[in-house]
Amino acid sequence: HVAFENCIFEAEPYADAGLRVSNASVWLRNCHATGHHSVSPISMLGNVGPCAGLLAVNSFVAAVDCEFVGGDMVPDGSFGAGDGVRSDSSSVHLVHCTATGGGSGSSFYPNGHGLTVLGTGGTWLADVTLRGGSHPLHPTGGNALHNASAVPVHLTRVATIPGAGTTSAGLAVFGPTVADSALGLDAATVDARLGSPYHIDYKTDANVLIGLFLSDTLSALPPTVTVEATWL
């Protein structure tokens, strides 16, 4: 298990995702992750994977107060510009976060999506903003949420903003979703300091029963009485 706070992740030249998580458990708070950016199409030859802001593969990822931005201008050879978040067979939990797809800068390769979901796993979003990628050189904007899996994405107070293109916008939501009432955050969290008070402003919907589990260790708990795997 690894936890990051107040960190910036940027993909190096000719690389892919800003933060790649594979077969691991990661917690993020107040972090920023940006996929590969370039001003020259020659770097297409070295881009070997999805240039997402966050790429999760067979992993558990929980993020609070974070921003994820897909790589711009350079397609990865298979998927187009980078997604803000790309989840492949992973359990992903985003609270009070934003995810924005990158713009491809090409009429052939598509714009990135705000969030792309593939394979199995589960995705829970609360108080999150998703934006599809936009670029004036591509005819269609990216989708805010692109769920290519059969597992519905759980949405609680989520804003989905399609990306823009030269001829049409992307979709706000593609694929199965389900309206949820997950526990969210009413305001940004603050740094915890030894000997100082610490508080979290929770946010819920009216007249909804919420279970709150508190743990003094960083570990994923099995979903015994809740649909969502407990992580905070």
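Computed from a predicted structure; not experimentally measured.

This part covers the overall build of the protein chain. Within the protein chain, the secondary structure is distributed over zero helices and 19 strands. Buried residues in the protein chain amount to 46% of all 232 residues. Within the protein chain, counting contacts between residues at least 6 apart in sequence, those at least 24 apart form 73% of the total.

Another point: the confidence of the model for the protein chain. Mean pLDDT for the protein chain: 84, with 80% of residues reaching 70 or above. Taking the mean pLDDT of every element in the protein chain, the minimum, 86, falls on strand 19 (residues 202-203) and the maximum, 98, on strand 12 (residues 129-131). Note that residues 40-48 has pLDDT below 50 and, in this model, 16 contacts with residues that lie over four places away or in other chains.

Turning our eyes to something else, we now look at the sheet that holds strand 2 (residues 8-10). Spatially, six strands are ordered 2-5-8-10-12-15 in an open sheet, and the strand pairing comes out parallel. The sheet is open, and its two edges are formed by strand 2 and strand 15 (159-161), each paired on a single side. Each adjacent strand pair in this sheet contributes to an overall mean axis angle of 5°, direction not counted. The pairing of strand 8 (residues 67-69) with strand 10 (residues 98-100) spans three bridges and is classified as parallel. Counterpart to Val 69 in the pairing with strand 10 is Thr 100.

Moving on: the nonpolar core. Ranked by internal contacts, the top residues of the largest apolar core, which has 27 residues, are Leu 28, Phe 68, Leu 94, Leu 125 and Leu 130. Elements that contribute at least two residues to this core include exactly strand 3 (19-22), strand 4 (25-29), strand 6 (54-57), strand 7 (60-64), strand 9 (85-95), strand 11 (115-126) and strand 14 (153-156). Excluding residues within four positions of it along the chain, Leu 125 makes contact with Leu 94, Leu 115, Leu 130, Val 153, His 154, Leu 155, Thr 156 and Val 158. In this structure, Val 64, Val 95, Ala 126 and Ala 182 belong to the second largest nonpolar core, which totals five residues.

Two faces belong to every sheet, and in a regular strand the side chains alternate between them. Buried residues dominate strand 4, accounting for five of its five residues. Pairing of strand 1 (residues 2-5) with strand 4, which is carried by four bridges, proceeds in the parallel orientation. By the bridge assignment for strand 4, Val 2 is matched with Val 26.

Counted by the stated rule, this structure contains six salt bridges. Asp 191 is the partner of Arg 29 in a salt bridge, and the nearest nitrogen-oxygen pair spans 2.1 Å. Taken together, the positions of Arg 29 in strand 4 and Asp 191 in the loop between strand 18 (184-185) and strand 19 put the pair 162 residues apart, joining distant regions of the chain. With its nearest N and O atoms 2.9 Å apart, the salt bridge here joins Asp 205 to Arg 157. Note that Asp 205 is positioned in the segment after strand 19 and Arg 157 in the loop between strand 14 and strand 15, a separation of 48 residues in sequence. For Asp 205, a relative accessible area of 26% puts it in the partly exposed group. Take Arg 157: its relative accessible area is 26%, and that puts it in the partly exposed class. Through salt bridges with shared partners, a single network forms among Asp 127, Arg 157, Lys 203 and Asp 205.

We now examine unusual backbone geometry. Phi is positive for Asp 65, which is not a glycine, with a value near 55°. Relative to the helices and strands, Asp 65 resides in the loop between strand 7 and strand 8. A relative accessible area of 12% places Asp 65 in the buried class. Although it is not a glycine, Asp 127 sits at a positive phi angle of roughly 55°. With respect to the secondary-structure elements, Asp 127 resides in the loop between strand 11 and strand 12.

If a probe the size of a water molecule is rolled over the atoms, the empty space left behind becomes visible. With the rule as written, the count across this model stands at one cavity of 30 Å³ or more. Estimates place the volume of the largest cavity at around 30 Å³. Residue lining of the largest cavity: Val 117, Gly 119, Thr 120, Gly 121, Gly 122, Thr 123, Ser 149, Val 151, Pro 152 and Val 153, and that is the complete set. Of the residues belonging to the lining of the largest cavity, the class tally is four nonpolar, six polar and no charged.

On to the side chain of Asp 65, then. Buried charge Asp 65 goes without a salt bridge, the closest partner of opposite sign being Arg 29 at 4.6 Å. A distance of 2.6 Å separates polar atoms of two side chains, one belonging to Asp 65 and the other to Thr 189. What Asp 65 contacts, discounting residues up to four positions off in sequence, is Asn 30, Cys 31, Val 95, His 96, Cys 97, Leu 185, Ala 188 and Thr 189.

Scoring rules and cut-offs
- Here the residue numbering is sequential within each chain, running from 1 through the sequence in written order.
- The model is predicted, so local features are restricted to residues of pLDDT at least 70 and side-chain atom pairs to those at 80 or more, both for listing and for counting; the totals for chains, interfaces and linings are taken over all residues.
- Only hydrogens and water are removed before side-chain values are computed, so all heavy atoms of the structure are retained for them.
- For the purposes of this entry, the term helix denotes a DSSP run of H or I that reaches at least four residues, the term strand denotes a run of E that reaches at least two, and both are numbered from the N terminus.
- The cut-offs for exposure are 20% and 50% of the maximum accessible area for each residue type, with area from a 1.4 Å probe on protein chains only; residues under the lower value are buried, those over the upper are exposed, and the others partly exposed.
- Two residues qualify as a contact provided that any one of their heavy atoms is within 4.5 Å of a heavy atom in the partner residue.
- A score between 0 and 100, pLDDT records how confident the predictor is in each residue.
- Only strands that DSSP links by at least two bridges are regarded as paired with each other.
- Only the stretch in contact is used when fitting a helix axis, every axis being a line fitted to C-alpha atoms; angles between N-to-C directions are given from 0 to 180 degrees.
- Here the nonpolar core consists of buried residues drawn from Ala, Val, Leu, Ile, Met, Phe, Trp, Tyr and Cys, with membership extended through side-chain atoms lying within 4.5 Å.
- Salt bridges are identified by distance alone: a Lys or Arg side-chain nitrogen within 4 Å of an Asp or Glu carboxyl oxygen.
- Space inside and on the surface of the protein is sampled on a 1 Å grid over the protein atoms alone, with a cavity defined as a set of points where a 1.4 Å probe fits but cannot get out and a pocket as an open set with protein on both sides within 12 Å along at least 5 of 7 lines; lining residues have an atom within 4 Å of a point.
- Grid points are joined across faces, edges and corners, and a volume is the space filled by probe spheres set on the points.
- Under the scheme applied here, ten amino acids are nonpolar (Ala, Val, Leu, Ile, Met, Phe, Trp, Tyr, Cys and Pro), four are charged (Asp, Glu, Lys and Arg), and all others, including Gly, are polar.
- Charged residues are defined narrowly, with Lys and Arg counted positive, Asp and Glu counted negative, and His plus the chain ends left uncounted.
- Under this definition, polar contacts are N or O atom pairs within 3.5 Å; protein pairs additionally need one hydrogen-donor-capable and one acceptor-capable atom, and for neighbouring residues in sequence, both atoms have to be side-chain atoms.

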